[in-house]
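The chain contents come next:
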Amino acid sequence: MSGPPSIQYVKGVGPRLAEKLAARGVRTPLDALYFFPKGYEDRRRIVPLRSVKPGMTVPVKGQVLGVRGGGRGWGGRRLFEVVLSDGTGRLSAKWFHYRPSLAERFRVGETAVLCGPVRLFQFRLEMHHPEILAAADESDPVNMGRIVPVYPVVEGVPPRTLRKIQWEVVRKYASTEKEVFPRWILDAADVPPVHESLETLHFPPPEADAETLLSFSSPPQQRLIFGELFYIQWVLARRRSGVMKEVAEPLPWDREIVAEIKKRLPFRLTDAQRRVLNEILKDMSLPHPMHRLLQGDVGSGKTIVAWVAAMVAWRKGVQTALMAPTEILAEQHYNRFSALCEGLPVRIVLLTSSLSAPKREKAREEIREGKADVVIGTHAIIQEGVEFREMALGIIDEQHRFGVLQRAALRGKGRMSPHLLVMTATPIPRTLAMTLYGDLDVSVIDEMPPGRKPVETAVVAEGKRNKAWERVRKELLAGGQAYIILPLVEESETLTLRDARKTYERVREAFPDTGVGLLHGRMKPGEKESVMRRFQKGEIRILVSTTVVEVGVDVPEATVMMVEHAERFGLSQLHQLRGRVGRGSRPSVCLLMVGGEQGEDAAARLSVMERTNDGFRIAEEDLKIRGPGDFAGVRQSGIPDLVFSDIVRDARILARSREIAITLLERDPDLSDPEHAGVKGWLERKDAAASAWA
Ligand code: ADP
Ligand code: MG
């Protein structure tokens, strides 16, 4: 045989249809087998018109009472209407694009069978563009008397034709698809083998439950979902076990360094900070690399944890690299670390791309020669030409801003495998964390430093803008500082900038005696830094900023934040932003301005921000509303797009697939057991197809 057979040779498909199908990616019978319905219609029984309710999509049958329309330009539209009666009620079927072939199908007095969504119009039942099923179709096993699949639209292929093609494909090819998973995995996952799945997914058996199918919770659907999620979990489990086998420099702590650290701590650590530090330091003391994610809400105090880890590494005479996503943040860390280490012979070096060439060269030299103990910087750290003498601890702050490749690049800067700590302030729902960070151990700081007051949050309609400004004024009078945040205009940076400048001018007019600053992504790093510094010092009291300020900036005197066009932000992003206030001892407020047409919807969606300050709850909510695609870190993760699965809906299978992947890896790491030959081959094919990620 030369390659897979073309779809063209399936019964009922000629060259013309084959072309249309190919345009949708369906080239072979196998493609067709995996081209799944997007929904189903329950056509098992003809429903008497008396029992038909709006919202149903059901087959109805009746005598044609009348036919209207057809080119006469009824109300300006080429409408065609058929009125049916079955003795229990009447229904009007409407088509908004008259074709002569339509009229030919209906004769007054004859019986017609139609199927389509029912709606109510002026107290009468209507169907728009129903499928016409001739009376003889009642015995048509493909289109009637069963739960019928509804496929995604294929341009130029009518639904009934497509269904017929799929029927042929399924009957001929479904049983030739071999199940790759051994029995024990299918049992553990509680799913049926694949050939059963494929058949019933396209043409569910008579006893199937349409509701279950529509919610993707039928066993055959679960089988496909399982396969998709299992592959991801397998790759993650394999990656994790690979890392655990590598050799790393053990970095145990000793009494002297612990005493030194304790002496220097500016505050008492929270229980949560102490707990995660124990987890981290224990990992670091082992001869295998730590690979740990530290999750903690905005302001929960992750920086000090990173500093302690760096101090332990310094004590052992090795280098630490700390990478942050923005210059502002890198500088802030640099300043904090420097203050914490004051008087100790720890050489801390800042490496960002805005350093002048000679300074950068000097920094690189210190890093190469090992004079630099702690290197703090941006992406500049992982660039070519940066060589460490011995980097044994890598820390990534705001990990969700980086991708897997950058994580790997940082690891690559170590001489052996360095210990790796990645931190994120974007709370990630457990389910999502499992896919995004399934190859990492996870520590969570689930407690805020004492004395924090939750940020009072209000969604403010455009009409109440003056009140919002009053509030800002009040906070300023009480000695606070303010952020005014503007969303990025997606289409254009220039527009964003114009928005920001305009707002800045307006605020300056409204507050003539107050220092007002502007911060945006187009500014040179040096300019940004100087604005931030002046804000930190209180010379600037109102900072108008685009979302560059989002990440990690710490100004305790800031007590009010006003977010313009809050509806354009995701909830988690708003939560991040809100974390910029409420960092000091005074209570803070966050005003979410919504305006325009989506005002009401937006207000409803944003109201969760008023109700809770718990980042995890907000993240769960966000995941439900927007799905994982928009979640910070998902795109960068490189994880293949999910076709069948939805990690919110399929959380249980996700958890199960993870357990099974880990079990399989433990039992048979090389998949050499003949029982696993099928799954081995399948995984290899998947790897080849997804090489960039796996
Ligand atoms: P994030 O987790 O968002 O990175 P930071 O590390 O920036 O948070 O800490 C936020 C603020 O809380 C900082 O000003 C820090 O000094 C302070 N902080 C951290 N831990 C404690 C603690 N245990 N007690 C009091 N203040 C703390
Ligand atoms: Mg931080």
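One structure accompanies this document, and this report is about it. Quick caveat, the model's predicted, so the values are computed rather than measured. (Residues numbered from 1 in each chain as written. Chains lettered and ligands numbered in written order. Predicted model: local features only at pLDDT ≥ 70, side-chain atom pairs only at ≥ 80, totals over all residues. Heavy atoms only, no water.)

Next up on the list: the environment of Trp-682. Positionally, Trp-682 belongs in helix H24 (residues 677–689). Since its relative accessible area comes to 15%, Trp-682 is described here as buried. C-alpha of Trp-682 to C-alpha of Glu-179: the two residues are 503 residues apart in sequence and 9.8 Å apart in space. Once residues lying within four places of it in the same chain are set aside, the contact partners of Trp-682 are Val-180, Phe-181, Gly-227, Phe-230 and Tyr-231. (Helix = DSSP H or I, 4+ residues; strand = E, 2+ residues; numbered from the N terminus. Buried < 20%, exposed > 50% of the residue type's maximum accessible area, 1.4 Å probe, protein only. Contact = heavy atoms within 4.5 Å.)

Turning our attention to helix H6 (residues 194–202). Along H6, the residues that are buried comprise Val-194, Ser-197, Leu-198, Leu-201 and His-202. For H6, the buried positions fall inside an angular range of 110° around the axis, keeping them on one side. Looking at the buried positions of H6, the neighbouring elements they touch are helix H2 (29–33), strand E1 (39–42), strand E8 (147–150), helix H4 (159–173) and helix H8 (219–245). (Arc of directions from axis to C-beta.)

Further remarks concern the pairing of strand E12 (residues 374–377). Here E12 shows no split at all, with Val-374 and Ile-376 on one side and Val-375 and Gly-377 on the other all buried. In the sheet, strand E10 (residues 319–323) pairs with E12 via 4 bridges, with the strands oriented parallel. Across the sheet, Leu-322 pairs through a bridge with Ile-376, a residue of E12. In this sheet, E12 lies alongside strand E11 (residues 348–351) in parallel orientation, the contact comprising 4 bridges. In the strand pairing of E12, Ile-348 is matched with Val-374. The parallel pair E11 and E12 is bridged by helix H13 (residues 357–369), and the resulting crossover is right-handed. (Pairing = 2+ DSSP bridges. Right-handed = clockwise from strand over helix to strand, strands pointing away.)

Right, let's talk about the site of ligand 1 for a bit. What surrounds ligand 1 is a group of 17 residues, the closest being Gly-299, Lys-302, Thr-303, Arg-452 and Asp-554. Between Gly-299 and ligand 1, the recorded distance is 2.6 Å, taken from a backbone N or O atom to an oxygen atom. Here an oxygen atom of ligand 1 and a backbone polar atom of Gly-301 are 3.0 Å apart. The protein chains hide 86% of the 560 Å² of surface that ligand 1 would expose on its own. When its residues are assigned to classes, the shell around ligand 1 shows 4 nonpolar, 6 polar and 7 charged. (Near = heavy atom within 4 Å. Polar contact = N/O pair within 3.5 Å; in protein donor to acceptor, adjacent residues only side chain to side chain. Areas by Shrake-Rupley, 256 points an atom, 1.4 Å probe, with all protein chains shown as cover. Nonpolar A, V, L, I, M, F, W, Y, C, P; charged D, E, K, R; others polar.)

In a regular helix each residue adds 1.5 Å, so 27 residues correspond to 39 Å; H8 covers 37 Å between its end C-alpha atoms and thus fits that length. Most of H8 is tucked away, with 20 of its 27 residues classed as buried. (Expected span 1.5 Å × (residues − 1).)

Attention now moves to the nonpolar core. In terms of nonpolar packing, the biggest core is built from 55 residues, with Phe-181, Phe-226, Phe-230 and Leu-351 touching the most fellow members. If one sorts the elements of this core by residue count, H8 sits on top with 8 residues. Each of domain 2 (178–242 + 650–694) and domain 3 (255–445) contributes no fewer than three residues to this core. In this view, Phe-226 contacts Phe-181, Ile-185, Ala-189, Val-191, Ile-653, Ser-657 and Ile-660; residues no more than four positions away in its chain are not counted. Membership of the second largest hydrophobic core comes to 44 residues, among which are Ala-306, Ala-309, Ala-324 and Ile-348. (Core = buried A, V, L, I, M, F, W, Y, C linked by side-chain atoms within 4.5 Å. Domains from an automatic or database assignment.)

A few words now on the packing of aromatic side chains. Aromatic ring pairs: the centre-centre distance and the angle between the two ring planes describe each pair. Inspection of the entire model under this criterion finds 15 aromatic pairs. Relative to Trp-682, the ring of Tyr-231 lies with its centre 6.4 Å away and its plane at 75°, an arrangement referred to as edge-to-face. A residue pair is termed long-range when its members are at least 10 positions apart, and Tyr-231 in helix H8 and Trp-682 in helix H24 qualify at 451 residues. Given the relative accessible area of 3%, Tyr-231 is considered buried. (Phe/Tyr/Trp six-rings, centres within 6.5 Å; stacked < 30°, edge-to-face > 60°.)

Here the focus is the pattern of salt bridges. Applying the stated criterion to the full structure yields 33 salt bridges. Between Arg-223 and Glu-179 there is a salt bridge, and its shortest N-O distance comes to 3.0 Å. Linking Arg-223 in helix H8 with Glu-179 in the loop between H4 and helix H5 (183–189), this pair joins segments that are 44 residues apart in sequence. Like Arg-223, the residue Glu-179 is buried in the burial classification. With a shortest N-O distance of 3.6 Å, Arg-275 and Asp-446 are connected by a salt bridge. With Arg-275 in helix H10 (residues 271–284) and Asp-446 in the loop between strand E15 (441–445) and strand E16 (456–461), the pair connects residues that are 171 residues apart, well separated along the chain. Of the residues examined, Arg-275 reaches a relative accessible area of 36% and is grouped as partly exposed. Beyond isolated ion pairs, a larger network of salt bridges with shared partners links Glu-41, Arg-43, Glu-131 and Arg-163. (Salt bridge = Lys/Arg side-chain N within 4 Å of Asp/Glu carboxyl O.)

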